[in-house]
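Report on the structure
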Amino acid sequence: MGFDWIKRVRFIKRTTTAIAYMHHDCIPAIVHRDISSNNILLDSEYEARVSDFGTARILKPDSSNWTSLAGTYGYVAPELAYTMKVTEKGDIYSFGVVIFEVLMGGHPSELITLISQILLQSSSANVTQSSGKDGQAKKRRGRKKGRKNKDQYSDKEDEGPITDEVDTYLDCRYVSGSESSWRVLNFPIQFRNPSVERLPFHLKGEQYIYYNGKKDLKVAMKKVDPNATKFLCWFEANTKYPKARDLTYVDFPKDFIWCKKKKEWWERQRGSKIGGVYYVSPACGERYYLRILLNIVKGPQSYGDILTFNG
């Protein structure tokens, strides 16, 4: 029984589920750090099983998570070589390499080597053809100028083609692990409609305040309204508009538009947007639970209203 395309796609989906479980469902999150084809096993029914957690690390929210480099050569994310910081992104990069390996039947480095050889041969042929034409022109000019320059032109004709191996290597297109997974699962690419309204949120008293660092802090604080965040203005809109009290934070941009200049939510006259609440790791505690409540609580007018659901 061969490893056909249906089994390959199922292998990718099962492995994706396992990695998503480690990164998002485990509290705190677990980073494998050595996702490779050697560490993903198949049972008798070709079901994928992530194994070998010897190099795995638990991400601690109160720690810098710095560590020494670990993993299999050819699967380790390049940025880990100089940052030495453990994040979930390292597993995603390694999984992208595994996806290529499953689809191609070999490591991506083999494809890069093959493409480099083809490009080198193509560039060599172009340079040789160009140098041949230049050589013939030089011969004709050399005959007119006399025998004196004949040896000079013939020496230049003996020079081999010049190729830039660095440019040839960089011309190969790089596809990240996330993009490769997106294409394998046939998700739509580069759709611009509908547009997305990014929806930030924060705990009480933990909003960001932006000001010009060159100005005096006291003067800047007088000009900045700490309550004019998109999230806090959502409370005010729920108080002002009865229609808004039937909407969750995610559904709010469908019927309301954010005026960045006035720092207010206005009723939408035309068009529509979908809301996208910022992602928060389960390891963040109260912020993560606040995000869950924002998906179900409708029309809160304060932080206290968010904590009450069907009460």
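Model, not experiment: these values are computed from the prediction. (Residues numbered from 1 in each chain as written. Predicted model: local features only at pLDDT ≥ 70, side-chain atom pairs only at ≥ 80, totals over all residues. Heavy atoms only, no water.)

As for the environment of Y279
What counts is decided by this rule: Only DSSP runs of H or I with at least four residues qualify as helices, and only runs of E with at least two residues qualify as strands; both kinds are numbered from the N terminus onward. Contacts: residue pairs with any heavy atoms within 4.5 Å of one another. In the analysis that follows, any N or O atom pair within 3.5 Å is treated as a polar contact, provided that within protein one partner can donate a hydrogen and the other can accept it, and provided that, for residues neighboring in sequence, both atoms belong to side chains.
Its location among the elements puts Y279 in the loop between β8 (274-277) and α11 (286-294). In sequence terms Y279 and L199 are 80 residues apart; their C-alpha atoms lie 9.9 Å from each other. Ignoring anything within four residues of it in the chain, the contact list for Y279 reads H24 and R291. Among the polar contacts made by the side chain of Y279, one reaches the side chain of H24 at a distance of 2.6 Å.

Examining unusual backbone geometry
Following I27, the chain continues into P28 via a peptide bond in cis, with omega recorded as -5°. With respect to the helices and strands, the residue P28 is situated in the loop between α1 (5-25) and β1 (30-31). Of note, Y46 is a non-glycine position whose phi angle comes to about 60°, a positive value. Within the fold, Y46 resides in the loop between β2 (40-42) and β3 (48-50). Although it is not a glycine, D52 sits at a positive phi angle of roughly 60°. Looking at the element boundaries, D52 is found in the loop between β3 and β4 (57-58).

What about the nonpolar core?
Side chains of a nonpolar character, in soluble globular proteins, are inclined to be buried together. Test applied: In this description, a nonpolar core means a group of buried Ala, Val, Leu, Ile, Met, Phe, Trp, Tyr and Cys residues linked to one another through side-chain atoms lying within 4.5 Å. Three exposure classes are used, based on accessible area relative to the maximum for each residue type with a 1.4 Å probe and protein chains only: buried under 20%, partly exposed in between, and exposed over 50%.
Counting 23 residues, the largest nonpolar core has F201, F231, W234, Y249, F252, W265 and L294 as its most contacted members. Those elements that place two or more of their residues in this core are α9 (230-240), β6 (256-259), α11 and α12 (303-306). A total of 6 residues in this core trace back to one element, the largest contributor, which is α9. Ignoring anything within four residues of it in the chain, the contact list for W234 reads L247, T248, Y249, F252, W265, L294 and P300.

Overview of the pairing of strand β7 (residues 264-267)
We apply this condition: Here a strand pair is declared whenever DSSP counts at least two bridges between the two strands.
In this structure, β6 lies alongside β7, joined through 4 bridges in antiparallel fashion. By the bridge assignment, C259 is partnered in β7 with E264.

Quick word on a nonpolar patch on the surface
Applicable threshold: Patch membership needs two things, relative accessible area over 30% and no salt bridge, and members are linked within 9 Å if like-charged or within 5 Å if nonpolar (Val, Leu, Ile, Met, Phe, Trp, Tyr). With residues, only the protein chains shown are counted as cover, and all accessible areas are computed by Shrake-Rupley using a 1.4 Å probe. Should a side-chain nitrogen of Lys or Arg be within 4 Å of a carboxyl oxygen of Asp or Glu, the pair is scored as a salt bridge.
Judged by side-chain polarity, I209, Y211, L217 and M221 come together as a nonpolar surface patch covering roughly 360 Å² of accessible area. Relative to the helices and strands, L217 resides in helix α8 (residues 217-223).

Quick notes on the pattern of salt bridges
Per the counting criterion, the structure on display carries 7 salt bridges. For K230, the salt bridge is made with E197, and the minimal N-O distance between the two is 2.7 Å. Linking K230 in helix α9 with E197 in strand β5 (residues 196-199), this pair joins segments that are 33 residues apart in sequence. The exposure classification of K230 matches that of E197, with both residues buried. Note that K273 is salt-bridged to E197, the shortest N-O span being 3.1 Å. Of this pair, K273 sits in the loop between β7 and β8 while E197 sits in strand β5; the two residues are 76 residues apart in sequence, bridging distant segments of the chain. Note on K273: relative accessible area 24%, which makes it partly exposed.

Looking at the packing of aromatic side chains
Test applied: Two aromatic rings from Phe, Tyr or Trp, using only the six-membered ring of Trp, form a pair when their centres are within 6.5 Å; if the ring planes differ by under 30 degrees the pair is stacked, by over 60 it is edge-to-face, and anything between is tilted. Counting as a charge over the ring demands two things of the Lys NZ or Arg CZ atom: a distance within 6 Å of the ring centre and an angle within 35 degrees of the ring normal.
For the structure shown, the criterion picks out 13 aromatic pairs. Ring geometry for Y288 versus Y289: centroids 5.7 Å apart, planes at 65°, classification edge-to-face. Among the aromatic side chains, those forming a connected cluster through ring pairs are F231, W234, F235, Y241, Y249, F252, F256, W258, W265 and Y303. Stacked on the ring of Y46, the Lys or Arg K7 has its end atom at 5.6 Å from the ring centre. Against the face of W5 rests R8, its NZ or CZ located 4.7 Å from the ring centre.

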